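# Remarks on the overall topology
Spelled out from the first residue to the last, the chains are:
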Amino acid sequence: MKKVLVIEDDPEIVNLLEIHLKDLNCEVLKAYDGNTGVDIALSHDPDLIILDLSLPEKDGLNVCREVRARQGTPIIMLTAKSEEIDRVLGLEMGADDYITKPFSIREFIARVKAIFRRTKMIEDRITSPESKTFRFEELTIDIEKRKVIVRNDKVELSPKEFELLTLMAAHPGRSYSRSDLLKLIWGYDFDGYEHTVNSHINRLRAKIEPDMNNPKYIKTTWGIGYKFNEEVII
């Protein structure tokens, strides 16, 4: 049973989402303000967070920032049409998807199923049963345990950072455009959001690269996008 945390201050929306999440055999945790949402997220380790941007006590962007600093739980943001700038900021902070209010329940369920499905699909695509661990000089990636070790220290990555790293590490030397990565990792065509890929790559580099100014693992392919350096294969 998947555990889903809904952080939303409108009880009617919470109750509606709870009904349909339970139809998906999910356990539903509820918070009606940002501070409580952060507390539950960090203490209960949910499989998915549904996060409204406009919350009392602590807004959704700050909730996203605090949760992302501590754990990699996937996050779907609920936004109003007028909150486009905040939506972009949320995606750059590590949110996995967004839904604009008002939304249909059919769309909501489709997005939730996509989040649950995407990690497994990506893992199945990027690795064979015989190859669950990648080793590159001082970098080790354990696919099954979703663990990354850099210079003998464990590094905490968000789900999207982990998926970006494992996708490229599974295909060293192959260049991916920003549009390619949006489609493969986010699973949707976010027109105009290529900078979201740049933000995630920058955060990933900050966590795994010994020198941000001269990356060893994730190289920029000028005019195309990014690739994993094939010269670091052991």
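Look above for the structure.
Residues numbered from 1 in each chain as written. Predicted model: local features only at pLDDT ≥ 70, side-chain atom pairs only at ≥ 80, totals over all residues. Heavy atoms only, no water.

Moving on: the pairing of strand E11 (residues 218–221). When E11 meets strand E12 (residues 225–228), the two strands line up antiparallel, connected through four bridges. The partner of Thr-221 across the bridge, within E12, is Gly-225. Linking E11 back to E12 in an antiparallel pair, the connection comprises three residues, with Gly-223 at a positive phi of about 85 degrees. (Pairing = 2+ DSSP bridges. Helix = DSSP H or I, 4+ residues; strand = E, 2+ residues; numbered from the N terminus.)

The next point concerns the pattern of salt bridges. By the definition in use, this model includes 14 salt bridges. With a shortest N-O distance of 3.6 Å, Lys-216 and Glu-138 are connected by a salt bridge. Here Lys-216, found in the loop between helix H8 (194–208) and E11, pairs with Glu-138, found in the loop between strand E6 (133–136) and strand E7 (139–142); they are 78 residues apart in sequence, far enough to count as distant. Two residues, Glu-161 and Lys-207, come together in a salt bridge whose shortest N-O distance is 2.7 Å. With Glu-161 in helix H6 (residues 159–169) and Lys-207 in helix H8, this pair connects stretches of sequence that are 46 residues apart. Under the relative-accessibility criterion, Lys-207 is labelled partly exposed at 30%. (Salt bridge = Lys/Arg side-chain N within 4 Å of Asp/Glu carboxyl O. Buried < 20%, exposed > 50% of the residue type's maximum accessible area, 1.4 Å probe, protein only.)

Here Lys-101 and Pro-102 are connected by a cis peptide whose omega angle stands at -5 degrees. Along the chain, Pro-102 falls in the loop between strand E5 (97–101) and helix H5 (105–126). Within the chain, Glu-137 stands out as a residue other than glycine whose phi angle is a positive 50 degrees. In this fold, Glu-137 is placed in the loop between E6 and E7.

Mapped onto the secondary structure, Lys-58 falls in the loop between strand E3 (48–52) and helix H3 (60–70). A distance of 3.1 Å separates polar atoms of two side chains, one belonging to Lys-58 and the other to Asn-35. Only 2.6 Å separates the side chain of Lys-58 from the side chain of Glu-66, close enough to count as a polar contact. Look past the residues within four positions of Lys-58 in its chain and what remains in contact with it is Gly-34, Asn-35, Val-38, Val-63 and Glu-66. (Polar contact = N/O pair within 3.5 Å; in protein donor to acceptor, adjacent residues only side chain to side chain. Contact = heavy atoms within 4.5 Å.)

One way to put it is that helix H7 (residues 178–186) packs onto H8 with a least axis distance of 9 Å and a crossing angle of 80 degrees. Classified by the angle between their axes, H7 and H8 sit roughly perpendicular to one another. Along its contact with H7, which presents Arg-178, Ser-179, Leu-181, Leu-182 and Trp-186, the element H8 presents Glu-194, Thr-196, Val-197, Asn-198 and His-200. Class assignment for the residues of the contact of H7 with H8 results in four nonpolar, four polar and two charged. (Axes fitted to C-alpha atoms, helices over the stretch in contact; angles between N-to-C directions. Parallel < 35°, antiparallel > 145°, perpendicular 65-115°, else oblique. Nonpolar A, V, L, I, M, F, W, Y, C, P; charged D, E, K, R; others polar.)

Now for the nonpolar core. Ranked by internal contacts, the top residues of the largest apolar core, which has 29 residues, are Phe-136, Leu-139, Ile-141, Val-148, Leu-165 and Phe-228. Where this core is concerned, the elements lending two or more residues are E6, E7, strand E8 (147–150), H6, H7, H8 and E12. Among the elements that make up this core, the one with the highest residue count is H6 (six residues). By size, the runner-up hydrophobic cluster in this structure holds 21 residues, among which are Ile-7, Leu-53, Val-63 and Ala-95. (Core = buried A, V, L, I, M, F, W, Y, C linked by side-chain atoms within 4.5 Å.)

Judged by how many residues are buried, E3 sits mostly within the fold: five of five residues are covered. Residues of E3 alternate between two faces, with Leu-48, Ile-50 and Asp-52 on one and Ile-49 and Leu-51 on the opposite face, all of them buried. Across four bridges, strand E1 (residues 2–7) lies against E3 in parallel orientation. Bridged to Leu-5 within E3 is Ile-49. In the sheet, E3 pairs with strand E4 (residues 75–80) via four bridges, with the strands oriented parallel. Bridging from a neighbouring strand, Ile-50 pairs with Ile-76 of E4.

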